[in-house]
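# Understanding the architecture of this molecule
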Amino acid sequence: MTLSERISPSSIGTRRVLGWQSAPRAAIAALPAHKRLRIGAAWRFRMEQEHLAVGHFARLVYELAATGAEPVVLALLTRAASDEVRHFAICRDYAALFVDEVLPERLEGSARPVPRPHLARREQALLEVVETCCVSETLTGLYFTEMLARTTDPFARSLVESLLEDELHHGRVGWTHLTNACREGWGKPVVEAHLLELFERAVGSVLTLSASRREGDDLSMEALAWLGNDTGARIYREGLRDMLLPGLAAVGLDVGALREAAHTRGWLP
Ligand SMILES: [Fe+2]
Ligand SMILES: [Fe+2]
């Protein structure tokens, strides 16, 4: 029994059950080694990111519970921490099908918050929610949506769907909290003052990294749930233009400086 089966819906909550017995082992074995290992490395990297997200969401719950947030926000963030444990296990088990080594069942570590000692605690927490949920989780949702559109293997499709449906909630909770904070008046000035810094980290650094590792599309790899770096970068650019900038403007934020900077730095399509 895989790790994700051991912590799966039958024992925790009511999440989708993945039929690991129908995992595409033959198709994976038929891939050339360099393609097989590349997909494995991508899912292994995601496994590590999912683990880091567990502690991050748990800390956000703690901060928002301490400084006040709507119950629906606390409920969704608390659930997100648990979702990311499940995602870690799914990514670990899927990566294990591609790599030639045994992957760990436990990792250590959690993401460190950006130190902003000049800000009040609830303002610091809001900026983290915006960066993590509104920006990163929204982009992850778009990324998995595109991955799903290209994945043809039925098991891989159900795996991507299972991650995607959670990531959409993780994005939505951020937009809810940001909308509340702007409506209450205290969110707008602090988010506007930090927007560029926040996007430098959540979007700019990703685009810089992917530009240094150019990678085209590959149908045989995409069939098994994989996207090349060039397509990943395009999703980020289009997501910034079509979802993030309009979404931030819709909650009442002035995004003029961010749009200008995004244009100058080549973040837009
Ligand atoms: Fe996740
Ligand atoms: Fe997530």
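What follows is about the overall build of the protein. Of regular secondary structure, the protein possesses ten helices and zero strands. Reading the helices (α) and strands (β) of the protein from amino to carboxyl end gives α-α-α-α-α-α-α-α-α-α. With respect to the three principal axes, the spread of C-alpha positions in the protein is 55 × 45 × 25 Å. By residue count, 37% of the 269 residues in the protein fall in the buried class.

Looking at the secondary structure, you find Ile235 in helix H9 (residues 229–250). It is 34 Å that separates the C-alpha atoms of Ile235 and Gly68, two residues lying 167 residues apart in sequence. What Ile235 contacts, discounting residues up to four positions off in sequence, is Leu142, Tyr143 and Glu146.

A pair of packed helices is captured by two measures, namely the crossing angle of their axes and the spacing between those axes. Remark: helix H7 (residues 187–212) packs on H9, axes separated minimally by 9 Å, with the N-to-C direction vectors making an angle of 155°. In terms of axis orientation, H7 runs roughly antiparallel to H9. Like other packed secondary-structure pairs, H7 and H9 cross with a definite hand, here left-handed. In contact with Val203, Val206, Leu207 and Ser210 of H7, H9 contributes Asn229, Gly232, Ala233, Tyr236 and Leu240. Among the residues making up the contact of H7 with H9, the classes are represented as six nonpolar, three polar and no charged.

Next up on the list: helix H6 (residues 154–183). Helical geometry note: an α-helix holds 3.6 residues per turn, so side chains three or four residues apart project in the same direction. The terminal C-alpha atoms of H6, which comprises 30 residues, lie 43 Å apart, in line with the 44 Å expected from a rise of 1.5 Å per residue. Immediately downstream of H6, the backbone of Gly185 shows phi near 100°, a positive value.

Further remarks concern the environment of Tyr236. Inspection of the secondary structure puts Tyr236 in helix H9. Tyr236 sits 184 residues away from Leu52 along the chain, and the two C-alpha atoms are 21 Å apart. The contact partners of Tyr236, leaving out residues within four places of it in the chain, are Leu139, Val203, Val206 and Leu207.

It is worth spelling out the nonpolar core at this point. Membership of the largest hydrophobic core comes to 63 residues, with the highest contact counts inside it found for Trp43, Leu77, Val130 and Leu159. Elements that contribute at least two residues to this core include exactly helix H3 (33–67), helix H4 (71–96), helix H5 (121–150), H6, H7, H9 and helix H10 (256–264). The leading source of residues in this core is H5, at twelve residues. Every residue in contact with Trp43, bar those within four places of it in the chain, is listed here: Cys91, Tyr94, Ala95 and Phe98.

Orientation of H4 relative to H6, taken along the N-to-C sense of each, is 150°, at an axis distance of 10 Å. Considered as vectors, H4 and H6 are oriented roughly antiparallel to each other. Of the two elements, H4 crosses H6, and the hand of that crossing is left-handed. Of H6, the residues touching H4 (which contributes Val72, Val73, Leu76, Leu77, Ala80, Asp83, His87, Ile90 and Tyr94) are Leu159, Ser162, Leu163, Asp166, His169, His170, Val173, Thr176 and His177. A per-class count over the contact of H4 with H6 returns ten nonpolar, six polar and two charged.

Its place among the elements puts Val191 in helix H7. Here Val191 falls in the buried class, since 24 other C-beta atoms lie within 10 Å of it. Residues Val191 and Ala27 lie 164 residues apart in sequence; the distance between their C-alpha atoms is 47 Å. Ignoring anything within four residues of it in the chain, the contact list for Val191 reads Leu126, Leu127, Val130, Leu178 and Leu253.

The subject of this paragraph is unusual backbone geometry. In this structure, Ala225 takes a positive phi of about 80° despite not being glycine. Judged by local crowding, Ala225 falls into the buried class, with 24 C-beta atoms found within 10 Å.

Cut-offs used in this document
- Residues numbered from 1 in each chain as written.
- Chains lettered and ligands numbered in written order.
- Predicted model: local features only at pLDDT ≥ 70, side-chain atom pairs only at ≥ 80, totals over all residues.
- Helix = DSSP H or I, 4+ residues; strand = E, 2+ residues; numbered from the N terminus.
- Buried ≥ 20, exposed ≤ 12 C-beta atoms within 10 Å, placed from the backbone.
- Contact = placed C-beta atoms within 7 Å.
- Axes fitted to C-alpha atoms, helices over the stretch in contact; angles between N-to-C directions.
- Parallel < 35°, antiparallel > 145°, perpendicular 65-115°, else oblique.
- Left-handed = near helix turned anticlockwise from the far one by under 90°.
- Nonpolar A, V, L, I, M, F, W, Y, C, P; charged D, E, K, R; others polar.
- Expected span 1.5 Å × (residues − 1).
- Core = buried A, V, L, I, M, F, W, Y, C linked by C-beta atoms within 7 Å.

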